[in-house]
Amino acid sequence: MPKPFHAVVHALGVHPVKSMAGCAPASAVVEPWGLAADRRWALIDRTGKVVTQRQRPGLALVHAEPLPAGAVRLRGPGLGPVDVAVPEPAAGSTTGTDLVVMHIFGTKVESVPAGPGASEVDRRLSAYLGEEVRLVHLDDPATRRPVNPLYGRPGETVSFADGFPLLVTSMASLDALNALIAQGDHPEEGPLPMDRFRPNLVVAGTAPWAEDGWRRLAVGEVAFRVAKPCGRCVITTTDQRTAERGREPLRTLGRHRRLDGKLVFGQNLVPESTGTVRVGDPVTVLE
């Protein structure tokens, strides 16, 4: 029997362009590869390598808002607001013609360059970041990028997210982490807000670190499988409002939340069904 769990969705997060600031809608559609509009766009450099806050913390100051039909509105330093439409399907996409091969954390993914109207956007983003970049779109999330086969099942795919369709975190675990930061070497850097971790689902009403024991859960009408804990990177040390970097939370995670050589906070999820999730939806642990 499912184990009752008195928890609810506290917030949702959608980031239309990988590593840019996103939005917190009241509801979101769950697709097999993640929340609708989440991380369907990304920036690449002149070699095709994905560009993120790891290399360019200033991306935190560029805001991306999803628009109808998959378009995105960008605004930030020296940019916008400007709307970018979904590019036309790549000619001969079955053979890879006119597709761009991007490199994202050791894997190659085909994507479609933003249309001619985005050339000015590319120019301004390049000037802001200090390197040549261009915007690309994930045209076919159902086929382009499989989930890591060590944790995924045949046919499961993911957007331009780091590795899995969704990330869930809990408010209780953030409170516990902030308490540890307050006792550490750099208490002045806390308390940290949840946006440091850029989650899709934020749950309230759990015990601290309860998510460590989850295997399957239901959020409203949608079921999810927990794939693995989320290993954290330098982006978590970046203030999402100023783009300045500090030492936390990695210093504290290294002391208290190290697992298999990774500093972990949150859990990666794979949808087992589709539907709509909403702020306030009940969260039930199924396994």
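These numbers come from a predicted model, not from an experiment.

Parameters at a glance
Residues numbered from 1 in each chain as written. Predicted model: local features only at pLDDT ≥ 70, side-chain atom pairs only at ≥ 80, totals over all residues. Heavy atoms only, no water. Salt bridge = Lys/Arg side-chain N within 4 Å of Asp/Glu carboxyl O. Helix = DSSP H or I, 4+ residues; strand = E, 2+ residues; numbered from the N terminus. Buried < 20%, exposed > 50% of the residue type's maximum accessible area, 1.4 Å probe, protein only. 1 Å grid on protein atoms, 1.4 Å probe; cavity = no way out; pocket = protein on both sides within 12 Å on 5 of 7 lines; lining within 4 Å. Points joined across faces, edges and corners; volume = space filled by probe spheres on them. Nonpolar A, V, L, I, M, F, W, Y, C, P; charged D, E, K, R; others polar. Pairing = 2+ DSSP bridges. Arc of directions from axis to C-beta. Contact = heavy atoms within 4.5 Å. Core = buried A, V, L, I, M, F, W, Y, C linked by side-chain atoms within 4.5 Å.

## Points about the pattern of salt bridges
Scanning the entire structure with this criterion turns up 17 salt bridges. Note that D185 and R255 form a salt bridge whose closest N and O atoms lie 2.5 Å from each other. Of the two residues, D185 is situated in the loop between α2 (171–182) and β13 (201–204) and R255 in helix α3 (residues 250–256); the sequence distance between them amounts to 70 residues. Look at D185 and you get partly exposed, because its relative accessible area is 45%. Linked through salt bridges whose partners overlap, the residues forming this network are K18, R54 and D162.

## Quick word on the layout of surface pockets
Looking at the largest pocket, its volume works out to about 910 Å³. In terms of lining residues, the largest pocket is bounded by 37 residues, among which R54, F105, D162, G163 and G231 are the most central. Taken together, the residues of the lining of the largest pocket break down into 16 nonpolar, eight polar and 13 charged. Its volume calculated, the second largest pocket comes out at about 370 Å³. No other element matches strand β1 (residues 3–12), which puts three residues into the lining of the second largest pocket.

## Describing the sheet that holds strand β11 (residues 133–137)
Spatial strand order, β5-β4-β11-β10-β9: five strands in an open sheet with antiparallel pairing. Taken across any chain shown, the strands that pair with only one partner, and hence form the sheet edges, are β5 (50–51) and β9 (100–104). In terms of strand pairing, strand β4 (residues 41–45) meets β5 through two bridges, oriented antiparallel. Bridge pairing in β5 links L43 to V51.

## Here's the deal with helix α1 (residues 119–129)
For α1, the set of buried residues is V121, D122, L125, S126 and L129. One face of α1 carries all of its buried residues, which in axial projection span an arc of 130°. Check the buried side of α1 and you find it contacts β4, β7 (72–76), β8 (79–84) and β11. Within two residues after α1, G130 carries a phi angle of roughly 80°, on the positive side.

## A few points about the nonpolar core
Across soluble globular proteins, nonpolar side chains have a tendency to be buried as a group. Ranked by internal contacts, the top residues of the largest apolar core, which has 21 residues, are L201, L217, V219, F224, L269 and V277. Breaking this core down by element, the ones donating at least two residues are β1, β2 (27–31), β12 (166–170), β13, β14 (216–219), β15 (222–231) and β19 (282–285). Dropping the residues within four chain positions of it, L269 is found in contact with F164, P165, L166, V168, L201, L217, F224, R225 and V226. Of all hydrophobic cores here, the second largest spans 19 residues; its members include V17, M20, A64 and A114.

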